[in-house]
Amino acid sequence: METKSFQQKSFLYVEDDASNRKVMQLIMQKVMKVNGLAIFENSQDFMARVKALPQPPQVALLDIHVRPYDGFAMLEMLRADPDYQNTEIIALTASVTNEEVERLRTSGFVGAIGKPLRVSTFPGLLERILNGETIWHIA
């Protein structure tokens, strides 16, 4: 899925699992042809690192269970900063409890995609979310 909309956007992915980072990098760069992808392996000094990026992220893909700040805390930090009010923030999670899915829905994420990521479904789900569709794909 090589769409111009992906190529023109800047992405941030925060993920503490090395294999998930590698999968995301391969999908985004090789399959989706994304040029603007920043990856953080933890959320230490999160906002300072975001502000130091060469391009502000238009899309943030946040692992929910990352330290020291989880995905919900990172979402709150981004939303509290006027520079990131229009950033599309998507949750990525392997957790599928009903309580967590409900919290994802009500906390301000524009969508959620379950892990592990699959090259066969991730690009399409991401495109649908970025086109304004509400997707809660927790498999």
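See above for the structure.
Conventions and cut-offs
- Residues numbered from 1 in each chain as written.
- Predicted model: local features only at pLDDT ≥ 70, side-chain atom pairs only at ≥ 80, totals over all residues.
- Heavy atoms only, no water.
- Helix = DSSP H or I, 4+ residues; strand = E, 2+ residues; numbered from the N terminus.
- Buried < 20%, exposed > 50% of the residue type's maximum accessible area, 1.4 Å probe, protein only.
- Pairing = 2+ DSSP bridges.
- Right-handed = clockwise from strand over helix to strand, strands pointing away.
- Core = buried A, V, L, I, M, F, W, Y, C linked by side-chain atoms within 4.5 Å.
- Contact = heavy atoms within 4.5 Å.
- Arc of directions from axis to C-beta.

A. Broad picture of unusual backbone geometry. With an omega dihedral of 0°, the bond running from Arg-67 to Pro-68 counts as a cis peptide bond. Here Pro-68 is to be found in the loop between strand E3 (59-63) and helix H4 (71-80). Of note, Lys-33 is a non-glycine position whose phi angle comes to about 60°, a positive value. Tracing the backbone through its elements, the reader meets Lys-33 in the loop between helix H2 (18-31) and strand E2 (36-40). Even without being a glycine, Asp-45 presents a positive backbone phi close to 50°. Looking at the secondary structure, you find Asp-45 in the loop between E2 and helix H3 (46-52). Residue Asp-45 is classed as partly exposed on the basis of its relative accessible area, which comes to 48%.

B. Broad picture of the pairing of strand E1 (residues 10-14). E1 sits mainly inside the fold: five of its five residues count as buried. By the alternation rule, side chains of E1 split into Ser-10, Leu-12 and Val-14 and Phe-11 and Tyr-13, which are all buried. When E1 meets E2, the two strands line up parallel, connected through five bridges. By the bridge assignment, Phe-11 is partnered in E2 with Leu-37. Following the backbone out of E1, through H2 and into the adjacent parallel E2, one traces a crossover that is right-handed. Sheet topology note: the E1/E3 ladder contains four bridges and is parallel. Bridging from a neighbouring strand, Leu-12 pairs with Ala-60 of E3.

C. Up close: the nonpolar core. Counting residues in hydrophobic clusters, the biggest one holds 23 residues, and the most contacted among them are Leu-12, Val-14, Phe-46, Leu-62, Leu-78, Leu-104 and Phe-109. Breaking this core down by element, the ones donating at least two residues are E1, E2, H3, E3, H4 and strand E4 (88-93). Looking at this core element by element, the count peaks at four residues for H4. Setting aside anything within four residues of it in sequence, one finds Val-14 in contact with Phe-40, Asn-42, Phe-46, Leu-61, Leu-62, Asp-63, Val-66 and Met-74. Grouped together as the second largest cluster of nonpolar side chains are 21 residues, Phe-6, Leu-37, Ile-90 and Leu-130 included.

D. Examining helix H5 (residues 98-107) more closely. Every buried residue of H5 is accounted for by Glu-100, Val-101 and Leu-104. Projected down its long axis, H5 carries its buried residues within an arc of 100°, all on one side. Exposed positions of H5 whose direction lies more than 90 degrees from the buried face are Asn-98, Glu-99 and Thr-106. Among the structural elements, H4, E4, strand E5 (111-114) and strand E6 (135-137) are those in contact with the buried residues of H5. Once H5 finishes, Gly-108 follows within two positions and takes phi at roughly 120°, a positive value.

E. Quick peek at the environment of Asp-83. Topologically, Asp-83 is positioned in the loop between H4 and E4. For Asp-83, a relative accessible area of 59% translates into the label exposed. Separated by 27 residues in sequence, Asp-83 and Pro-56 place their C-alpha atoms 8.4 Å apart.

The analysis is restricted to geometry; functional conclusions fall outside its scope.
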